[in-house]
Amino acid sequence: MFIMGYSVVAGATGRLLFGYDSFGNVCGKKNSPVEGAPLSGQDMTVKKHVFFMDSCNQDVKDVRLSSIVLCVSSCPEQQLDTLEEVQLFADTSGSFLCVYSLNSFNYTQDPNADSLCPRLPVPPSKSFPLFNRCVPQTPECYSLFASVLINDTDTLHRILSGIMSGKDTILGLCILALALSLAMMFTFRFITTLLVHIFIALVILGLLFVCGVLWWLYHDYTNDLSTELDTERENMKCLLGFAVVATVITAVLLIVIFIHRKRIKLTAELLQITNKVISNSPFLLIQPLWTFAILIFFWVAWVAVLLSLGTAGTAQVIEGGQVEYKPLLGIRYLWWYHLIGLIWTSEFILACQQMTVAGAVVTCYFNRNKNDPPGHPILSSLSILFCYHQGTVVKGSFLITLVRIPRIILVYIYNALKEKQRNTWSRCLFRCCFWCLDKCLCHLNQNAYTTTAINGTDFCTSAKDAHKILSKNSSHFTSANCFGNFIIFLGKALVVCFTVFGGLMAFNYNRALQVWAIPLLLAAFFAYLVAHSFLSVFETVLDALFLCFAIDLETNDGSSEKPYFMDQEFMSFVKRSNKFTDAPRDKNSLRKEEGTELSAYCEINIH
């Protein structure tokens, strides 16, 4: 909240979105004067385009462009060879290409016109949809202009420029991810054995297709003789990285699918049982819509604050009455903290959904009368979450953040190393290690949330109790449960893959003037969160059912005095999956463990 308020006060997003001239005026707006800059404070409402007076001979001195930049009403679309043509263009179009202090009728008479007007000849230019900059259209000027404008500017501004130039594409990819996630959710809602086979076949074909397209695009980049800019070379490296990662992931997923191919029927039955639980509380499927809406609101606010942080600076007058903006002290550290806020808050929002769904499943499972399900389990779970267990969710989401931040930093460090070949395997090793740790923590958090919903204990106690009871009952249909989670993960992977594929096709049409690695990674991150927020309902219900089943085994023995809470369909599935009746059990019930009073809490839920 402090960074958000600070960015609103100190930032100037308009400078990035609309561009500004060398005298501190933002194009397309009415400006306030800067003390010591006589040409500042002008009304640029009709002058919405940024024009570089020496676009063919750009240079960077002290991290700023040496060419004078002006705000003009339109870009010259024809080449201007003389000052007379520059004057005629100003008279006919109302777009003045010389410094503001020089009137148009003096373009050909003033002895200083050569230094106050653009260098001749003025190349034809068009307003490229990259913040209304007048981009020269001749091949020679275009290459030099783009090299300086993109390759030699500040890294953060390049990232922000890439995000803003691709904002419409990113929004479209988020909508695509939403549509794909809804399709996946309804597919899992009405799952059958045949549908699981069709779904796995589509996943295999989709992964192979995406890998093929990635390698084809990389081959197209390597054979493109016009690949001269650093941005194009960076995009080519990004494509190579995406292609290698996608190929490795595809190979691993194909191996896992082949190993577990015989458990597809049991997995379909398990998902059908999950759908039966959801049918008792159908509003569980609406929870992702609220989560998605909250995430979209937060992401928009986060990007707005990021843009403001990237433009926060103080105006300083330099030689010739020109104005430059110097970043405020410590702004880069706020940017990194803001990135941590993105991960932590997003994980907190998703964890709230997991806690809500787990609480509703627990309430429905520990209900003796299956024909009379409890009323409003979701509202009851939400009220308990906000009244008692927000700290549990904050702590769990913070653990995930602690793992992901070092992973991002290590990946950044290894990508920055020059000895690429020697560090390829070590980089992959670090990524795999942190990915495995991330997944283990996610599973631990989910079980801790479910145990908290059952027992009402804090995060650490719940995690410890969940680990104990799952260790004692790890033999019961664990493989079927894991493969069920794997099928749900395939749904998330399918959404992310096709979102990235759509992003590649969209960004590929504009190779030169944007580094689309960051926008594409951002779109992939958003797509994963969207898919996770929708499909995690099934994953949360499945994991919660498993933990409730384990607790049911510990607290009851199936006798008339202590019958099981599970229904007959669930019990028959357990017998078919792992010969439940012959499985050894620990006679010491978990309810006798210190700090755990499961049976009492279950009775409270029943009443």
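Residues numbered from 1 in each chain as written. Predicted model: local features only at pLDDT ≥ 70, side-chain atom pairs only at ≥ 80, totals over all residues. Heavy atoms only, no water.

A. Summary view of the overall build of the protein chain. Each helix and strand counted, the protein chain has 20 helices and six strands in total. Residues counted as buried form 50% of the 607 residues belonging to the protein chain. By element, 63% of the accessible surface of the protein chain is carried by carbon and sulfur atoms, the whole surface being about 28900 Å². (Helix = DSSP H or I, 4+ residues; strand = E, 2+ residues; numbered from the N terminus. Buried < 20%, exposed > 50% of the residue type's maximum accessible area, 1.4 Å probe, protein only. Areas by Shrake-Rupley, 256 points an atom, 1.4 Å probe, with all protein chains shown as cover.)

B. Structural detail: the pairing of strand S5 (residues 313–317). In this sheet, strand S6 (residues 323–327) lies alongside S5 in antiparallel orientation, the contact comprising five bridges. Directly across from Val317, in S6, lies its bridge partner Val323. Counted between consecutive antiparallel strands, the loop separating S5 from S6 contains five residues, among which Gly320 sits at a positive phi close to 75°. (Pairing = 2+ DSSP bridges.)

C. Looking closely at the state of the cysteines. Summed over all chains, the structure comprises three disulfides. For Cys27, the disulfide goes to Cys71, at an S-S distance of 2.0 Å. For the disulfide bridge between Cys27 and Cys71, the dihedral angle about the S-S bond is near -80°, and by the sign convention the bridge is left-handed. You can see Cys27 sitting in the loop between helix H2 (13–18) and strand S1 (49–52) and its partner Cys71 sitting in strand S2 (residues 69–72), a full 44 residues away along the chain. Accessibility classification places Cys27 together with Cys71 in one group, the buried group. (Disulfide = S-S within 2.5 Å.)

D. Summary view of the confidence of the model for the protein chain. Mean pLDDT over the protein chain stands at 76; residues scoring 70 or higher make up 76%. Element-level pLDDT for the protein chain is lowest in helix H20 (residues 598–606), with a mean of 38, against a maximum mean of 93 in S2. Between residues 418–422, whose pLDDT stays under 50, and residues either more than four places distant or in other chains, the model counts two contacts. Residue range residues 580–607 is modelled with pLDDT below 50. Its contacts to residues more than four positions away, or to other chains, number 51 contacts. (pLDDT = per-residue confidence, 0-100. Contact = heavy atoms within 4.5 Å.)

E. Here's a closer look at a nonpolar patch on the surface. A surface patch of nonpolar side chains, amounting to about 390 Å² of accessible area, comprises Trp215, Leu240, Val244, Val248 and Val252. Tracing the backbone shows Leu240 in helix H9 (residues 230–259). On the basis of relative accessible area, Leu240 is assigned to the partly exposed category, the value being 31%. (Patch = residues over 30% accessible without salt bridge, like charges linked within 9 Å, V, L, I, M, F, W, Y side chains within 5 Å. Salt bridge = Lys/Arg side-chain N within 4 Å of Asp/Glu carboxyl O.)

F. Geometry of the pattern of salt bridges. Enumeration over the complete set of coordinates arrives at two salt bridges. The shortest N-O distance in the salt bridge between Asp54 and Arg119 comes to 3.9 Å. Taken together, the residues Asp54 in the loop between S1 and S2 and Arg119 in the loop between helix H4 (113–116) and strand S3 (125–128) connect sequence positions 65 residues apart. Lys492 is the partner of Glu539 in a salt bridge, and the nearest nitrogen-oxygen pair spans 2.6 Å. Taken as a pair, Glu539 in helix H18 (residues 517–555) and Lys492 in helix H17 (residues 478–507) lie far apart in primary sequence, 47 residues in all.

G. Seen up close, the nonpolar core. Core analysis: the largest hydrophobic core is formed by 105 residues, its most contacted members being Phe199, Tyr365, Val541 and Phe570. By residue number, the principal contributor to this core is H18, which donates 25 residues. One finds Cys27, Leu80, Ala113 and Cys117 within the second-largest nonpolar core, a separate group that totals 28 residues. (Core = buried A, V, L, I, M, F, W, Y, C linked by side-chain atoms within 4.5 Å.)

H. Highlighting the packing of aromatic side chains. Tallied over the entire structure, the rule returns 11 aromatic pairs. When the ring of Trp299 is compared with that of Phe526, the centres are 4.2 Å apart and the planes differ by 15°; the resulting orientation is stacked. Placement of the pair is Trp299 in helix H11 (residues 287–310) and Phe526 in helix H18, with a sequence separation of 227 residues. Its relative accessible area of 3% is what places Trp299 among the buried residues. Among the residues examined, Phe526 registers a relative accessible area of 5% and is labelled buried. (Phe/Tyr/Trp six-rings, centres within 6.5 Å; stacked < 30°, edge-to-face > 60°.)

I. Structural context of helix H7 (residues 167–189). Relative to the 33 Å expected for 23 residues at 1.5 Å per residue, H7 spans 33 Å between its end C-alpha atoms, a close match to the ideal helical length. The set of residues buried in H7 consists of Ile170, Leu173, Cys174, Ala177, Leu178, Ser181, Met184, Met185 and Phe188. (Expected span 1.5 Å × (residues − 1).)

J. Region of interest: the environment of Cys134. Along the chain, Cys134 falls in strand S4 (residues 133–136). Judged by its relative accessible area of 3%, Cys134 falls in the buried class. Separated by 10 residues in sequence, Cys134 and Pro124 have C-alpha atoms that sit 9.1 Å apart.

K. Main features of the side chain of Gln87. If you trace the backbone, Gln87 turns up in helix H3 (residues 83–93). A distance of 2.9 Å separates a polar atom in the side chain of Gln87 from the backbone oxygen of Ser104. (Polar contact = N/O pair within 3.5 Å; in protein donor to acceptor, adjacent residues only side chain to side chain.)

L. Just the side chain of Thr450, in detail. Considering the arrangement of structural elements, one finds Thr450 in helix H15 (residues 420–455). Non-local contacts of Thr450, meaning those with residues more than four positions away in its chain, are made with Ala358, Val362, Ala544 and Leu547.

M. Just the packing of helix H1 (residues 2–10) against H11, in detail. The geometry of H1 relative to H11 is characterised by a closest axis approach of 8 Å and an angle of 50° between their N-to-C directions. Between H1 and H11, the angle falls in the class oblique. Seen from above, H1 lies across H11 with left-handed handedness. Between H1 and H11, the residues in contact are Ile3, Met4, Tyr6 and Ser7 and Ala301, Val305, Ser308 and Leu309, respectively. The residue makeup of the contact of H1 with H11, split by class, is six nonpolar, two polar and no charged. (Axes fitted to C-alpha atoms, helices over the stretch in contact; angles between N-to-C directions. Parallel < 35°, antiparallel > 145°, perpendicular 65-115°, else oblique. Left-handed = near helix turned anticlockwise from the far one by under 90°. Nonpolar A, V, L, I, M, F, W, Y, C, P; charged D, E, K, R; others polar.)

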